[in-house]
Amino acid sequence: MNHQLVLQFQGDDDDTLERVIALEDRLIEALGNSTSAEVDGHEPGEGVINLILLAKNAAKVWEKIEPIVEDAADELDVNAVAFRAIDSEEFTVLWPVDYEGEFELA
């Protein structure tokens, strides 16, 4: 896999964690036997929870999973979706398109 794709959600309380885990399960099911992406897990940060995927092409994987994430956005506050090359520290934000500032794992 070439990229680390990060979906970052606002909040680190138990309810948010449960919702992120439910989304994680949906993504695992949606990606199934995919050879282009896999769910790597979730990790709480400072006031956020990051859901991490590994992907050959992060932009294409985001196109595939965006409807699932948008569906979950009714119950989750999505901060941003960003990716970086596995060997890089610098993230590129895919969503929202008008994201300002520098994305970082919290």
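Details of the structure are given in the entry above.
A few points on the structure. (Residues numbered from 1 in each chain as written. Predicted model: local features only at pLDDT ≥ 70, side-chain atom pairs only at ≥ 80, totals over all residues. Heavy atoms only, no water.)

### Some thoughts on the nonpolar core
- Ranked by size, the top nonpolar core spans 25 residues in total, and within it Leu 5, Leu 7 and Ile 65 carry the most contacts.
- Secondary-structure elements contributing two or more residues to this core are strand S1 (3-10), helix H1 (14-31), strand S2 (37-44), strand S3 (48-55), helix H2 (58-72) and strand S4 (78-85).
- Counting residues per element, this core draws most heavily on H2, at seven residues.
- Setting aside anything within four residues of it in sequence, one finds Ile 65 in contact with Leu 5, Leu 7, Leu 27, Leu 31 and Leu 53.
- With six residues, the next largest nonpolar core counts Val 6, Ile 52, Ala 80 and Ala 82 among its residues. (Core = buried A, V, L, I, M, F, W, Y, C linked by side-chain atoms within 4.5 Å. Buried < 20%, exposed > 50% of the residue type's maximum accessible area, 1.4 Å probe, protein only. Helix = DSSP H or I, 4+ residues; strand = E, 2+ residues; numbered from the N terminus. Contact = heavy atoms within 4.5 Å.)

### Some details on the sheet that holds S1
- What the five strands build is an open sheet, ordered S2-S3-S1-S4-S5; its pairing is antiparallel. Among the strands making up the open sheet, the edge pair consists of S2 and strand S5 (92-95). Strand-to-strand twist across the sheet, computed as the mean angle between neighbouring axes with direction ignored, equals 25°.
- Bridge analysis of S4 against S5 gives three bridges, and the strand direction is antiparallel. For Phe 83, the partnering residue across the bridge sits in S5 and is Thr 92.
- With respect to the sheet, H1 is in contact with S1, S2 and S3, its orientation differing from that of S2 by roughly 175°. (Pairing = 2+ DSSP bridges. Axes fitted to C-alpha atoms, helices over the stretch in contact; angles between N-to-C directions.)

### Some points on the environment of Ala 59
- For Ala 59, the location among the structural elements is in helix H2.
- On the basis of relative accessibility, which here comes to 33%, the residue Ala 59 falls in the partly exposed class.
- Separated by 38 residues in the primary sequence, Ala 59 and Ile 21 have C-alpha atoms spaced 22 Å apart.

### Digging into H2
- Helix length check: H2 (15 residues) gives 19 Å between terminal C-alpha atoms against 21 Å at 1.5 Å per residue, within 8%.
- Listed in full, the buried residues belonging to H2 are Ala 58, Val 61, Trp 62, Ile 65, Ile 68, Val 69 and Ala 72.
- On its buried side, H2 packs onto S1, H1, S2, S3, S4 and S5. (Expected span 1.5 Å × (residues − 1).)

### Brief notes about the packing of H1 against H2
- At their nearest, the axes of H1 and H2 sit 11 Å apart, and the two run at 155° to each other. Relative to H2, H1 is oriented roughly antiparallel. Considering only the axes of H1 and H2, their crossing is right-handed. On H2, the residues that touch Leu 23, Arg 26, Leu 27, Ala 30 and Leu 31 of H1 are Lys 64, Ile 65, Ile 68, Val 69, Asp 71 and Ala 72. (Parallel < 35°, antiparallel > 145°, perpendicular 65-115°, else oblique. Left-handed = near helix turned anticlockwise from the far one by under 90°.)

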